[in-house]
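Summary of the model geometry
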Amino acid sequence: YRDLHTFELQAPTRVIEWAHGSRVCVAGYGQSGGNEILQLIPPPALQAKETQGLCPERDFKVECGGFSKRPVYSLKYVPDTSLLVTSGPPDNSLQVWQVSAEDSDVIKPVSTIAPENATGQPWAKIATISARAPWVLHGSTLDSVQITEVELRKNVYTAGSLDSEELAGLAFLDGSTVVLCCARGRLCVADVRQPQGALQALPAPTAPCGDRWCLGTACAAQGLGLGAQPVARLSNRGLLTLTDLRKASEPLASATARVPSPGLGAEFLCVSWAPALQGCLAVSGFDGTVHVYDTQSWDNSGREAEPVFVHRGHALDSSGDPALVTVHMWHPQNPRTVLSAASDGSLHVWDWVQP
């Protein structure tokens, strides 16, 4: 490591989100209610361009916070606003939060976005963008995907699909295009300039039966558009596939992550591209580790890939029992800086050095 900081949360979190001013937002996912939503100020050393060595301020500080009656399974900052959007059981409605001004330390709920078929639906996956207006893309199944203008709670796009397959993830590729990943690995794209736009199912190779998948894409704020960077998918067996959406019928590359217990589950699967490091992605959700891979030498063999770095800091909790990494996220500017959280409530930020 070049640097490592730890912070103990009051409860486990499965969401990490970068907010304005390089703040970090986290939230609890307990079922009993009273889940904290916190905005943290990272350690000053994290903002330094060079390693500062021993620094008197090495901890996170709580800047403001609030409480959600629901477990928070997803949280997204709405760019160019002071709003957060969250989702979680028992349905696919969204909660909108106002991050307080400088004279207050409260994050308060301001509205709810309730789709027409919210009751009985799984919790919604969400993505946000402010290309034209503050938008949130949300849905739990293919036939429930829509885009809502956050501040006006106005529907601006509804996916024209009759398929009720469960979603594993969704993302904006740019201000006009979105990509959806079904839980069984199927990919779809849509042009959101058509208010009742049909989903285009991509001819990606069939995923192994029974596998559960998650999705990783480049940041939409970069405005890269369709095919500028591969879409990464990760299965609960550790299979990683990279897909160029312009030529989806042929996998760009595939490999198998070095995971200890493939096939156990998919609740915390997470794969993400490094925004400032070419060809690097990170994988977590199988145990107490985060693996970093360099994909630039991958082919279509699917053979086991060698990680260039493994973060093992969450491997055991305070009682010595195994912990599970619930989420990780790259720093938007610092190339090798990653945040990760685990089932024991630990939050780590680490800067790795490639051997």
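What comes next concerns the included structure. It should be emphasised that the depicted structure is a prediction, and the values quoted were computed from it without experimental measurement.

Cut-offs applied
Residues numbered from 1 in each chain as written. Predicted model: local features only at pLDDT ≥ 70, side-chain atom pairs only at ≥ 80, totals over all residues. Heavy atoms only, no water. Core = buried A, V, L, I, M, F, W, Y, C linked by side-chain atoms within 4.5 Å. Buried < 20%, exposed > 50% of the residue type's maximum accessible area, 1.4 Å probe, protein only. Helix = DSSP H or I, 4+ residues; strand = E, 2+ residues; numbered from the N terminus. Contact = heavy atoms within 4.5 Å. Salt bridge = Lys/Arg side-chain N within 4 Å of Asp/Glu carboxyl O. Pairing = 2+ DSSP bridges. Phe/Tyr/Trp six-rings, centres within 6.5 Å; stacked < 30°, edge-to-face > 60°. Lys NZ or Arg CZ within 6 Å of the ring centre and 35° of its normal. Disulfide = S-S within 2.5 Å. Axes fitted to C-alpha atoms, helices over the stretch in contact; angles between N-to-C directions.

1. A word on the nonpolar core
Residues Leu 137, Phe 172, Leu 180 and Leu 199 are the most contacted members of the largest nonpolar core, which totals 20 residues. Only strand 10 (125–129), strand 11 (135–139), strand 14 (167–172), strand 15 (177–182) and strand 16 (187–191) provide two or more residues apiece to this core. Ignoring any residue separated from it by four or fewer positions in sequence, one finds Leu 180 in contact with Leu 142, Val 145, Leu 167, Gly 169, Leu 170, Arg 186, Leu 187, Cys 188 and Leu 199. Among the nonpolar cores identified, the runner-up in size contains 18 residues, and Ala 255, Trp 273, Val 283 and Trp 298 belong to it.

2. Here's the deal with the pattern of salt bridges
Within the structure shown, the criterion is met by 14 salt bridges. Salt-bridge contacts for Asp 191 lead to Arg 193; the nearest nitrogen and oxygen are separated by 2.9 Å. Taking the relative accessible area as the measure of exposure, Asp 191 reaches 28% and is therefore partly exposed. A relative accessible area of 51% means that Arg 193 is categorised as exposed. Between Glu 306 and Arg 258 there is a salt bridge, with its nearest N and O atoms 2.5 Å apart. Residue Glu 306 is located in the loop between strand 24 (290–294) and strand 25 (309–311), and its partner Arg 258 is located in the loop between strand 21 (253–256) and strand 22 (270–273); the two are separated by 48 residues in the primary sequence. Classification of Glu 306 as exposed rests on a relative accessible area of 52%. Residue Arg 258 is classed as partly exposed on the basis of its relative accessible area, which comes to 34%. When salt bridges with common partners are traced through the structure, they connect Asp 163, Glu 165, Arg 184 and Arg 186 into a single cluster.

3. Considerations on the sheet that holds strand 16
Spatially, 14-15-16-17 is the arrangement adopted by the four strands of the open sheet, whose pairing is antiparallel. Either end of the sheet is taken by a strand with one partner, and the two such strands are strand 14 and strand 17 (200–201). Strand direction decides the pairing type here: strand 14 and strand 15, joined by five bridges, are antiparallel. Within strand 15, the position partnered with Ala 171 by the bridge is Val 179.

4. A few points about the pairing of strand 14
Burial analysis of strand 14 places five of its six residues in the buried class, which makes it a mostly covered element. Counted between consecutive antiparallel strands, the loop separating strand 14 from strand 15 contains four residues.

5. Looking at the pairing of strand 12 (residues 146–149)
Burial along strand 12 is two-sided: Gln 146 and Thr 148 and Ile 147 and Glu 149, pointing in opposite directions, are all buried. With four bridges connecting them, strand 11 and strand 12 associate as antiparallel partners. Bridge pairing in strand 12 links Leu 137 to Ile 147. Taken together, strand 11 and the strand that follows it, strand 12, pair antiparallel across an intervening segment of six residues.

6. Considerations on the environment of Met 329
Counting through the fold element by element, Met 329 comes out in strand 26 (residues 325–330). Taking the C-alpha atoms as reference points, Met 329 and Val 283, separated by 46 residues in sequence, lie 9.9 Å from one another. Once residues within four sequence positions are removed from consideration, Met 329 is found in contact with Ile 16, Glu 17, Trp 18, Thr 337, Val 338 and Leu 339.

7. Let's talk about the packing of aromatic side chains
Pairs of aromatic rings are described using the distance from one ring centre to the other and the angle between the two planes. In the structure shown here, the tally under the stated rule is seven aromatic pairs. Ring geometry for Tyr 1 against Phe 309: centres 5.2 Å apart, planes inclined by 80 degrees, an arrangement best described as edge-to-face. With a gap of 308 residues between them, Tyr 1 in the segment before strand 1 (3–8) and Phe 309 in strand 25 connect regions that are remote in the sequence. With a relative accessible area of 46%, Tyr 1 lands in the partly exposed category. The interplanar angle of 75 degrees and the centroid separation of 5.2 Å between the aromatic rings of Tyr 73 and Trp 123 together place this pair among those described as edge-to-face. Residue Tyr 73 is located in the loop between strand 5 (61–68) and strand 6 (74–77), and its partner Trp 123 is located in the loop between strand 9 (107–113) and strand 10; the two are separated by 50 residues in the primary sequence. Members of the aromatic cluster, joined through ring pairs, are Tyr 1, Phe 309, Trp 350 and Trp 352. Here the basic side chain of Arg 14 rests over the ring of Tyr 29, its NZ or CZ set 5.8 Å away from the ring centre. A cation over an aromatic ring shows up here: Arg 336 above the ring of Trp 352, its NZ or CZ 4.6 Å from the ring centre.

8. With respect to the state of the cysteines
Scanning all chains against the criterion turns up zero disulfides. Here Cys 182 stays unpaired: no disulfide links it, and the sulfur of Cys 188, its closest cysteine neighbor, is 5.1 Å away.

9. Brief notes about the sheet that holds strand 10
If you trace the four strands from one edge of the open sheet to the other, you get 10-11-12-13, paired in antiparallel fashion. Looking at which strands have only one partner, the edges of the open sheet turn out to be strand 10 and strand 13 (154–158). Neighbour to neighbour, the strand axes of the sheet diverge by 25 degrees on average, direction disregarded. Here four bridges tie strand 12 to strand 13, and the two strands are oriented antiparallel to one another. Pairing of Glu 149 across the sheet is with Lys 154, part of strand 13.

Read these as geometric descriptors, not functional statements.
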